[in-house]
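# Analysis of the macromolecular model
Each chain, written out:
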Amino acid sequence: MSLVNVVLMNRTFRKPISTLRNKVQNWRTFDKIATTGEAPLPRKVIMEATLRCNLSCHFCFRDLTNFTDVTTENMKRIIDNLGPSIKVMGFTGGETFMRTDMLEIVKYLDTKGIEVGLLTNGTLQTPEKVEEMISHKNLKRLGISIDGLRENHDSIRGKGMFDRSINTLKLINKRIKSVGVNSVMTKENLHELPQLLEMIAPYIDHYSVEYQMFNTASEVKATSQQLNIPMSSVTVWSREEKNYDFSFEKVERVKNELRVIAKKHNIGFLTEPVVGDVFEKDFYDGIVLQKHPILCGHMHTARIDPRGNLVFCHLIKNPSGSLIDTPLEKLWNSEQMKDFRKNLLKGGVMPPVCKRCCKIQ
């Protein structure tokens, strides 16, 4: 029996169990939050450290109208206001290393006993910067975005960027506890992702592929109406296509190849969102929210925008108070946040912009 067949056979047995577990857990949590709007204090927080970036990727939907970063002093105030429930803080962007104080912030989090994860495009690191990164033992997770082989990656991110990112992986060489690479799937890069994984496998612990997030204008409008927030607070890449421009069969074929390669190199592999593996065709067709009791990982993870405000997620950014001057514990289950969560789950279905999000589960 071939290795591909063994992997597929194992998935045949695992998938019904994971599907049932997903449904039972989400039914219980869904009903409780939908009724009261309350959620347990989070263990993890994610913050957009900056909106600035040295690249301009065509599928990025960050808000380019505001480039003002939270000061180092105010960043430390935010950290002071997180409270004892937070054990992990992740930073995304923009490009996190556009902040010259990024590693100073990591060091400050270490004084609070908080582990750190950083997302980066991996193009700004020098050998000296890598050694400084590795010296901070609370920096446990590093994620680097690589979207295909050299030609495709550079067409998205700029000439020479592929080699810079690969060089950063080699410099780190697994000396951080968890080093991962994520690729956004496109019709241009899908066929070459297995070759990319073979190339980077010696330098990483896990690899993930992510569906592009996009929505139509009508889906954005329906979301703002359901949540009773301005359309300007719904930040997505808007296009009028109803579905992806690659076939479901091709995605599944490539993902099966990637699973085999990951198993061979003893590294983790997943699809983002995870429901893209559990409810595969329904997710691809954009009907997963209507057919399954789907929840969002941001029900259990706090999100902070670049100004220091508590928001719900990277797509829905209606501010619910500033963490610069207010403790997270006070904001997390405020009346505003509870009303928001109840609206989010109104009618038993999350709003349409959530259907392609990497955090639904």
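See the structure shown above.
This text gives an overview of the structure that appears in the document. It should be emphasised that the depicted structure is a prediction, and the values quoted were computed from it without experimental measurement.

Right, let's talk about unusual backbone geometry for a bit. Gly 93 connects to Gly 94 through a cis peptide bond whose omega is 15 degrees. Cis geometry is found at the peptide bond from Glu 272 to Pro 273, where omega equals 0 degrees. Looking at the element boundaries, Pro 273 is found in the loop between β7 (268-272) and α10 (275-278). The phi dihedral of Lys 174 falls on the positive side, at around 65 degrees, and the residue is not glycine.

Before going further, it helps to spend a moment on the packing of aromatic side chains. For the structure on display, the rule yields eight aromatic pairs. Measuring from centroid to centroid gives 4.8 Å for Tyr 211 and Phe 283, while their planes differ by 55 degrees, and the two rings are tilted. Of this pair, Tyr 211 sits in the loop between β6 (206-210) and α8 (217-227) while Phe 283 is found in helix α11 (residues 280-284), placing the two residues 72 residues apart along the sequence. As far as burial versus exposure is concerned, Tyr 211 and Phe 283 are alike and both buried. Linked through ring pairs, Tyr 211, Phe 214, Tyr 244, Phe 246, Phe 248, Phe 283 and Tyr 284 together constitute an aromatic cluster. The lysine or arginine in question, Lys 281, covers the ring of Phe 248, its NZ or CZ lying 5.7 Å from the ring centre. Positioned above the aromatic ring of Tyr 244, the side-chain terminus of Arg 356 is 5.4 Å from the ring centre.

Time to look at the pattern of salt bridges. Taken as a whole, this structure holds 21 salt bridges when the rule is applied. In this structure, Arg 157 and Asp 147 form a salt bridge, with 2.7 Å as the shortest nitrogen-oxygen distance. Of this pair, Arg 157 sits in helix α5 (residues 150-157) while Asp 147 sits in the loop between β4 (139-145) and α5; the two residues are ten residues apart in sequence, bridging distant segments of the chain. Given the relative accessible area of 12%, Arg 157 is considered buried. The salt bridge involving Asp 277 is made with Arg 259; its shortest N-O contact spans 2.8 Å. Remark: Arg 259 occurs in helix α9 (residues 248-265) and Asp 277 occurs in helix α10; sequence separation between them is 18 residues. By the burial criterion, Asp 277 is buried, and Arg 259 matches it. One network of salt bridges, with partners in common, ties together Glu 252, Lys 255, Arg 259 and Asp 277.

What follows covers the sheet that holds strand β9 (residues 310-311). Hydrogen bonds between backbone groups are what pair the strands of a sheet, and the pairing can be parallel or antiparallel. With mixed pairing, nine strands are arranged side by side in an open sheet as β7-β6-β5-β4-β3-β2-β1-β8-β9. Since the sheet does not close on itself, it has two edges, and those belong to β7 and β9, each with one partner. Relative to β4, strand β3 (residues 115-120) runs parallel, the two sharing five bridges. Among the inter-strand pairings, Val 116 is bridged to a residue of β4, identified as Leu 139. On the sheet, helix α7 (residues 193-200) packs against β5 (178-184) and β6 and is oriented at approximately 155 degrees with respect to β6.

Below, the discussion takes up the nonpolar core. Ranked by internal contacts, the top residues of the largest apolar core, which has 100 residues, are Met 89, Phe 91, Tyr 207 and Ile 316. If we ignore the near neighbours within four places in the chain, the residues touching Ile 316 are Leu 227, Ile 229, Ser 233, Val 311, Phe 340, Leu 344, Val 353 and Cys 354.

Within the secondary structure, Asn 309 sits in the loop between β8 (301-304) and β9. Note: C-alpha distance between Asn 309 and Gly 321 (twelve residues apart in sequence) is 5.5 Å. In this structure Asn 309 touches Arg 303, Ile 304, Pro 319, Gly 321 and Ser 322, once residues within four positions along its chain are discounted.

Next up on the list: the packing of helix α2 (residues 72-80) against helix α3 (residues 102-111). Between α2 and α3, the least distance of the axes is 11 Å, while the angle of their chain directions is 30 degrees. Regarding the angle of α2 to α3, the classification is roughly parallel. Between α2 and α3 lies a crossing whose hand is right-handed. Taking contact as the criterion, the partners of Thr 72, Met 75, Lys 76, Ile 79 and Asp 80 in α2 are, on α3, Glu 104, Ile 105, Tyr 108 and Leu 109. Residues that form the contact of α2 with α3 fall into these classes: five nonpolar, one polar and three charged.

To continue, consider the environment of Cys 53. Topologically, Cys 53 is positioned in the loop between β1 (44-48) and α2. For the pair formed by Cys 53 and Thr 96, sequence separation is 43 residues and the distance between their alpha carbons is 8.0 Å.

With that out of the way, let us pick up the pairing of β4. Between the parallel pair β3 and β4, the chain is carried across by helix α4 (residues 127-135), and the sense of this crossover is right-handed. Summarising the sheet, β4 and β5 pair through five bridges and their orientation is parallel. In the sheet register, Ile 144 faces β5, and the bridge partner there is Val 181.

The rules behind these values
For every chain, the first residue of its written sequence is number 1, and the numbers climb from 1 along that sequence. Residues qualify for local features only when their pLDDT is at least 70, as the model is predicted, and side-chain atom pairs are given and counted only at 80 or more; totals for whole chains, interfaces and linings, by contrast, use all residues. Hydrogens and water are ignored here; the side-chain numbers use all heavy atoms of the structure. Working definition: helices are DSSP H or I runs of at least four residues, strands are E runs of at least two. Numbering for both runs from the N terminus. Each Phe, Tyr or Trp ring (for Trp, its six-membered ring) is paired with any other whose centre lies within 6.5 Å, and the angle between the two planes then decides the class: stacked below 30 degrees, edge-to-face above 60, tilted in between. Throughout this description, buried means an accessible area under 20% of the type-specific maximum (1.4 Å probe, protein chains only), exposed means over 50%, and partly exposed covers the range between. Whether a charge sits over a ring comes down to the Lys NZ or Arg CZ being within 6 Å of the ring centre and within 35 degrees of the ring normal. We define a salt bridge as a contact between a side-chain nitrogen of Lys or Arg and a carboxyl oxygen of Asp or Glu at a distance within 4 Å. By the convention used here, strands pair only if DSSP detects at least 2 bridges between them. Contacts between residues were defined by any pair of non-hydrogen atoms, one from each residue, lying within 4.5 Å. Axis angles are defined between N-to-C directions and span 0 to 180 degrees, where every axis is a line fitted to C-alpha atoms and, for a helix, only to the segment in contact. Note on terminology: a nonpolar core comprises buried Ala, Val, Leu, Ile, Met, Phe, Trp, Tyr and Cys residues joined through side-chain atoms within 4.5 Å. Relative orientations are named as follows: roughly parallel for angles under 35 degrees, roughly antiparallel for angles over 145 degrees, roughly perpendicular for angles from 65 to 115 degrees, and oblique for any other angle. Two helices cross in a left-handed way if the nearer one is turned anticlockwise from the farther one by less than a right angle. They cross in a right-handed way if the turn is clockwise. Charged residues are taken to be Asp, Glu, Lys and Arg, nonpolar residues to be Ala, Val, Leu, Ile, Met, Phe, Trp, Tyr, Cys and Pro, and polar residues to be all remaining types, Gly included. Orient the strands so they point away from the viewer; a crossover is then right-handed if the path from the first strand over the helix to the second runs clockwise.

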